[in-house]
Number of protein chains: 2
Amino acid sequence: MDYKYQPISVLIRSVPMFASLDADLLTEIEGMTEFIEVPPNTEMCGQGTIPSYLSILLKGQIVMSGNAPDGSETVMEIIHPPGHFVLAAVLTQLPYLMTARSVMFSQLLQLPAAGLRALLARAPLLALNMLQTQAQDFRAMVQHVRDLKLRSTAQRLGCYLLALVKEPDAQIVAFRLPFDKGLLAGRLGCRREILSRAFAALRVQGVETRGMRVLLHDIEKLRAFAAADEIMHPVGMATITPQPNGHL
Amino acid sequence: MDYKYQPISVLIRSVPMFASLDADLLTEIEGMTEFIEVPPNTEMCGQGTIPSYLSILLKGQIVMSGNAPDGSETVMEIIHPPGHFVLAAVLTQLPYLMTARSVMFSQLLQLPAAGLRALLARAPLLALNMLQTQAQDFRAMVQHVRDLKLRSTAQRLGCYLLALVKEPDAQIVAFRLPFDKGLLAGRLGCRREILSRAFAALRVQGVETRGMRVLLHDIEKLRAFAAADEIMHPVGMATITPQPNGHL
């Protein structure tokens, strides 16, 4: 899918946080949104700088990394479409806590931070959508902390592989890792050689790997071993309904 | 400070997320808010249950812990006044990812989740305040992940002690640990004996401990060792200003 030749008006309508906004507002958002393409390994925003844009990923992959002042670096998150970065920094006008870099050729929408904040003050439904989006971001980070503190590397790897399964009821699945193992090690918070040991440890749980190809022979067994959390589907802000005046 | 004899109308006005709301809205919030007191070791909400309340801590201490399905448990966060829990679960209507338990006698405000969500749809400024609050919650969790992945236990302990310093420009400070060392070990993600070793490792960085008393003899040295992040003050939603119609 190439998004280059699609009108921005169509692209913004596909973004969850812009769902069910009225046409005038969408036109306004469209007017401030830019479509950009970046080659692999492009720094999109740097830790410590004040955000200029909220970015929404349409195609490609972005790695969010964090640096300690001593220069050491870690992978905080790997963002896939239709993910976004970095809403919290845009809303608080505080320096980014992470650096965003493209892993591969990527296509994105960029919304100016100041324009977005001004819009929020006039568009209650947008604010509600963003509350919902942010709540999910927060919960993902909570899961990350829980993972790091409660699970072994092999269990974390198991959970990560399970999250890549698109057919939750399947017994056996095969897929390609969507990024290289160095990045995966960073996301799991371990060194490359520890990741290899984790893959080896998962063999008895029915996990087979050949290069980038992964085969899960027994999803239930892997789920039990990894102590994976239940999958949870957001109920969402469905009970918050607009008021008759057309706004909220 | 005992909050029992203060009117709820006064208490809710001191909560940052209710700042600058108009009088009618505050009266409405007041009408749905309950003041409660809990003895030590009371479970306030259980991981996996759907939230009924947003809780705001006025006095005391709440420990948020996470459990893996295999029963292992970790301290996710220790909440001090005027902290809150668990906004993201209330907004998404998804099960709590954490269990909240009082560490000591605590006083709280409780706002029914459904009432709060209904209010958000009518009160844009409240939604904006909550966006701001949530952004800060998210950033705290990002810091937690960075800490776990980038810093040694001794560095994490150093950062945690530095965060307890109320006079950032002081060279030497003394204070009591606000909770026991078992809880501190959990928050740092290590076992009790590793915490003791971390305290020992910090001795050459000028950290002296006697029981619960801590003396930091050289804050600059400790800051350099712990690779502590710069302290960041939120600029906030100050640029999002209400519209003349009185709402937004």
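As shown above, the structure is provided for reference.
The shown structure was predicted, so the numbers you read here are calculated from the model rather than taken from an experiment.

Asker: Just to check I follow, could you spell out the interface of chain B and chain A for this structure?
Answerer: Buried accessible area, meaning the area lost when the parts come together, often serves as the stated size of an interface. Across the contact, 65 residues belong to chain B and 65 residues belong to chain A. Viewed at the interface, chain A and chain B are joined by zero salt bridges. Between the two partners, chain B and chain A, sit 15 residue pairs in polar contact (both at pLDDT 80 or more). Elements represented by at least two residues in the side of chain B that touches chain A include exactly β4 (62-67), β5 (73-79), α3 (87-92), α4 (113-120), α5 (124-150) and α7 (181-188) of chain B. Per element, the largest residue contribution to the side of chain B that touches chain A is 21 residues, and it comes from α5(B).

Asker: When you look at the packing of helix α6 (residues 153-163) of chain B against α7(B) in this model, what are you seeing that I'm missing?
Answerer: When two helices pack together, their arrangement is captured by the angle between the axes and the distance separating the axes. Residues and elements named next belong to chain B. Remark: α6 packs on α7, axes separated minimally by 10 Å, with the N-to-C direction vectors making an angle of 115°. Where α6 crosses over α7, the two elements pack in a sense that is right-handed. Where α6 abuts α7, its residues R156, L157 and Y160 lie against L184, R187 and L188. Counted by class, the contact of α6 with α7 contains four nonpolar, no polar and two charged residues.

Asker: Can you walk me through the relation of the copies chain B and chain A in this structure?
Answerer: Of the transformation placing chain B onto chain A, the axial shift is 0.0 Å and the rotation is 180°, giving an RMSD of 0.0 Å. Overall, the copies show the geometry of a two-fold rotation axis. A symmetric contact is evident, with 100% of the interface residues of chain B recurring at the interface of chain A.

Asker: So what exactly am I meant to see when it comes to the pattern of salt bridges here?
Answerer: All names here are of chain B. Taken as a whole and judged by the stated rule, the model has 16 salt bridges over all chains. Salt-bridge contacts for E208 lead to R210; the nearest nitrogen and oxygen are separated by 3.0 Å. Exposure remark for E208: the relative accessible area of 28% places this residue in the partly exposed category.

Asker: What's the story with the side chain of S106(A) in this structure? I'm lost.
Answerer: All names here are of chain A. Inspection of the secondary structure assignment puts S106 in strand β8 (residues 106-112). Engagement of the side chain of S106 in a polar contact is seen with the backbone oxygen of M104, the distance being 2.9 Å. In contact with S106, not counting residues within four places along its chain, are I36, E37, V38, L57, K59, G60, Q61 and I62.

Asker: Explanation requested: the nonpolar core in the structure shown.
Answerer: The nonpolar side chains of a soluble globular protein tend to be buried with one another. Counting residues in hydrophobic clusters, the biggest one holds 110 residues, and the most contacted among them are F18(A), F85(A), M130(A), F18(B), F85(B) and M130(B). With sequence-adjacent residues up to four places away left out, F85(A) is seen in contact with M44(A), C45(A), Y53(A), L54(A), S55(A), I62(A), M64(A), I79(A), A100(A) and L108(A).

Asker: Would you take a moment to explain the packing of aromatic side chains for this structure?
Answerer: For any two aromatic rings, the description comes down to two numbers: the centre-to-centre distance and the angle of the planes. What the rule picks out here adds up to two aromatic pairs over all chains. Taking NZ or CZ as reference, K181(A) lies 5.1 Å from the ring centre of F199(A), over its face.

Asker: How should the state of the cysteines be read in this particular structure?
Answerer: As used here, a disulfide is simply a covalent bond connecting the sulfur atoms of two cysteines. Taken as a whole and judged by the stated rule, the model has zero disulfides over all chains. For the unlinked cysteine C190(A), the closest cysteine sulfur is that of C159(A), found at 14 Å.

Asker: Please explain the pairing of β8(A) as it appears in this structure.
Answerer: Residues in a regular strand point their side chains to alternate faces of the sheet. Residues and elements named next belong to chain A. Most of β8 is tucked away, with six of its seven residues classed as buried. Here five bridges tie strand β1 (residues 34-38) to β8, and the two strands are oriented antiparallel to one another. Counterpart to E34 in the pairing with β8 is Q110. Where strand β3 (residues 53-59) and β8 come together, six bridges link them in antiparallel fashion. Of the residues in β8, the one forming a bridge with S55 is Q110.

Asker: Can you help me understand the side chain of R156(A) in this one?
Answerer: Mapped onto the elements of the fold, R156(A) is located in helix α6 (residues 153-163). Ignoring any residue separated from it by four or fewer positions in sequence, one finds R156(A) in contact with D147(A), L148(A), R151(A), L188(A) and G189(A).

Asker: So what exactly am I meant to see when it comes to the sheet that holds strand β7 (residues 99-102) of chain B here?
Answerer: To summarise the sheet geometry, strands pair through backbone hydrogen bonds and adopt either a parallel or an antiparallel arrangement. Residue and element names in this part refer to chain B. Read across the sheet, four strands follow the order β2-β7-β4-β5 without closing on themselves; strand pairing throughout is antiparallel. Edge strands, defined here as strands with exactly one partner in the open sheet, are β2 (43-45) and β5. Each strand axis lies, on average, 30° off the axis of its neighbour in the sheet, ignoring direction. Pairing of β4 with β5, which is carried by six bridges, proceeds in the antiparallel orientation. Considered in β5, the bridge of M64 is made with E77. Sitting on the sheet, α7 is in contact with β4 and β5, with an inclination near 105° to β5.

Asker: What's the story with unusual backbone geometry in this structure? I'm lost.
Answerer: For residues besides glycine, phi is generally negative; the peptide bonds are generally trans as well. Residue and element names in this part refer to chain A. Each neighbour pair has its own omega, and for F85 with V86 the value is -15°, a cis peptide bond. Mapped onto the elements of the fold, V86 is located in the loop between β6 (84-85) and α3 (87-92). Of note in the backbone geometry, S20 takes a positive phi value of approximately 60° without being a glycine. With respect to the secondary-structure elements, S20 resides in the loop between α1 (8-13) and α2 (23-32). Looking at S20, the relative accessible area reads 59%, which means it is exposed.

Basis of the calculations
Residues numbered from 1 in each chain as written. Chains lettered and ligands numbered in written order. Predicted model: local features only at pLDDT ≥ 70, side-chain atom pairs only at ≥ 80, totals over all residues. Heavy atoms only, no water. Contact = heavy atoms within 4.5 Å. Salt bridge = Lys/Arg side-chain N within 4 Å of Asp/Glu carboxyl O. Polar contact = N/O pair within 3.5 Å; in protein donor to acceptor, adjacent residues only side chain to side chain. Helix = DSSP H or I, 4+ residues; strand = E, 2+ residues; numbered from the N terminus. Axes fitted to C-alpha atoms, helices over the stretch in contact; angles between N-to-C directions. Left-handed = near helix turned anticlockwise from the far one by under 90°. Nonpolar A, V, L, I, M, F, W, Y, C, P; charged D, E, K, R; others polar. Least-squares fit on C-alpha atoms with pLDDT ≥ 70 in both. Buried < 20%, exposed > 50% of the residue type's maximum accessible area, 1.4 Å probe, protein only. Core = buried A, V, L, I, M, F, W, Y, C linked by side-chain atoms within 4.5 Å. Phe/Tyr/Trp six-rings, centres within 6.5 Å; stacked < 30°, edge-to-face > 60°. Lys NZ or Arg CZ within 6 Å of the ring centre and 35° of its normal. Disulfide = S-S within 2.5 Å. Pairing = 2+ DSSP bridges.

Geometric descriptors of this kind do not, in isolation, establish any biological role.
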